[in-house]
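# Geometric and topological summary
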Amino acid sequence: MSLHNPPVLSAEQQSFMSGYLDSLALVERLHRLLLDVIKDEFERLNVLEINAVQALLLFNIGDNEVTAGELKSRGYYQGSNVSYNLKKLVEMGYMHHQRCEIDRRSVRVRLTEKGRNIRDVVGTLFAGHAEGLQNKGVLGTDGIDQINGSLRRVERYWTDQIRYIY
């Protein structure tokens, strides 16, 4: 496909393309909104030293002991972003870190009690959201299963594009 000569799309293809672009914009907005919701919750609790990305990182690590590389390979975070935030979380006492015995370049991290408290706040927030979505009829089990299935298929497609096109 050339930038100078875009393909001629049928009406059906144009409609799909429009829907696809709407979906991309919605995913971006939802991610930013999720970070805002987390930020607002921490402001309400007067927890101001940690940002929403860091809180989400603690939630995603949970009870695991991981390396920055493992978090990147799971697809959660970009390289410099995760390294910076892990360093800050260690400095603030939310995480323990320890050099791997086998590969001294690699550092394993796990949550401290302070980090587990933040993880629990985010978990409680998400549990409240899940309950509210169901109770208010916004989304049920079938709907969430359909959304997750569709998003996983898009994720697989994009992953294949990266692996096989380049």
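Residues numbered from 1 in each chain as written. Predicted model: local features only at pLDDT ≥ 70, side-chain atom pairs only at ≥ 80, totals over all residues. Heavy atoms only, no water.

Each helix and strand in the protein was counted, giving six helices and three strands. Out of the 166 residues belonging to the protein, those deemed buried represent 21%. At a minimum sequence separation of 6, the contacts of the protein that also span at least 24 residues come to 50%. With an accessible surface of roughly 12,200 Å², the protein has 54% of that area assigned to carbon and sulfur atoms. (Helix = DSSP H or I, 4+ residues; strand = E, 2+ residues; numbered from the N terminus. Buried < 20%, exposed > 50% of the residue type's maximum accessible area, 1.4 Å probe, protein only. Contact = heavy atoms within 4.5 Å. Areas by Shrake-Rupley, 256 points an atom, 1.4 Å probe, with all protein chains shown as cover.)

Axis separation between helix α2 (residues 52–61) and helix α5 (residues 113–135) bottoms out at 8 Å; the angle between their running directions is 90°. Our classification of the angle between α2 and α5 gives roughly perpendicular. Between α2, through A55, L56, L58 and F59, and α5, the contact on the second element is made entirely by G115, I118, R119, V122, G123 and F126. Along the lines of polarity and charge, the residues of the contact of α2 with α5 split into seven nonpolar, two polar and one charged. (Axes fitted to C-alpha atoms, helices over the stretch in contact; angles between N-to-C directions. Parallel < 35°, antiparallel > 145°, perpendicular 65-115°, else oblique. Nonpolar A, V, L, I, M, F, W, Y, C, P; charged D, E, K, R; others polar.)

Turning to the confidence of the model for the protein, a few remarks are in order. Residues at a pLDDT of 70 or more form 89% of the protein, whose mean pLDDT is 89. Looking across the protein, the model is least confident in helix α3 (residues 68–73), with a mean pLDDT of 78, and most confident in α5, with 97. (pLDDT = per-residue confidence, 0-100.)

What the largest pocket holds in volume is close to 2,400 Å³. V27, L30, H31, L34 and L151 are the residues nearest the centre of the largest pocket, which is lined by 44 residues in total. Elements represented by at least two residues in the lining of the largest pocket include exactly α1 (11–44), α2, α5 and α6 (141–165). The greatest single-element share of the lining of the largest pocket, amounting to 14 residues, is contributed by α1. A breakdown of the residues in the lining of the largest pocket according to their chemical character gives 26 nonpolar, 14 polar and four charged. Looking at the second largest pocket, its volume works out to about 230 Å³. As for the second largest pocket, its lining consists of 11 residues, and the residues nearest its centre are A68, S83, L86, V107 and V109. Ranked by residue count, the leading element in the lining of the second largest pocket is helix α4 (residues 79–91), at four residues. (1 Å grid on protein atoms, 1.4 Å probe; cavity = no way out; pocket = protein on both sides within 12 Å on 5 of 7 lines; lining within 4 Å. Points joined across faces, edges and corners; volume = space filled by probe spheres on them.)

Before going further, it helps to spend a moment on the sheet that holds strand β3 (residues 107–111). Pairing is antiparallel in the open sheet, where three strands are placed in the order β1-β3-β2. Every interior strand has two partners, whereas the edge strands, β1 (66–67) and β2 (95–99), have only one. (Pairing = 2+ DSSP bridges.)

The subject of this paragraph is α2. Of all 10 residues making up α2, seven are buried, and the element is well covered by its neighbours. Listed in full, the buried residues belonging to α2 are A52, Q54, A55, L56, L57, L58 and I61. Where α2 starts, the residue carrying a side-chain oxygen 3.0 Å from the main-chain nitrogen of V53 turns out to be N51. Positive phi shows up at G62, right after α2, with a value of about 55°. (Polar contact = N/O pair within 3.5 Å; in protein donor to acceptor, adjacent residues only side chain to side chain.)

Turning our eyes to something else, we now look at a nonpolar patch on the surface. A cluster of nonpolar side chains, L9, F16, M17, Y20, L21, V154, Y157 and W158, forms an exposed patch at the surface whose accessible area comes to about 770 Å². Listing elements by their share of the nonpolar patch, those giving two or more residues are α1 and α6. The greatest single-element share of the nonpolar patch, amounting to four residues, is contributed by α1. Note on placement: Y20 falls in helix α1. Given a relative accessible area of 31%, Y20 falls into the partly exposed group. (Patch = residues over 30% accessible without salt bridge, like charges linked within 9 Å, V, L, I, M, F, W, Y side chains within 5 Å. Salt bridge = Lys/Arg side-chain N within 4 Å of Asp/Glu carboxyl O.)

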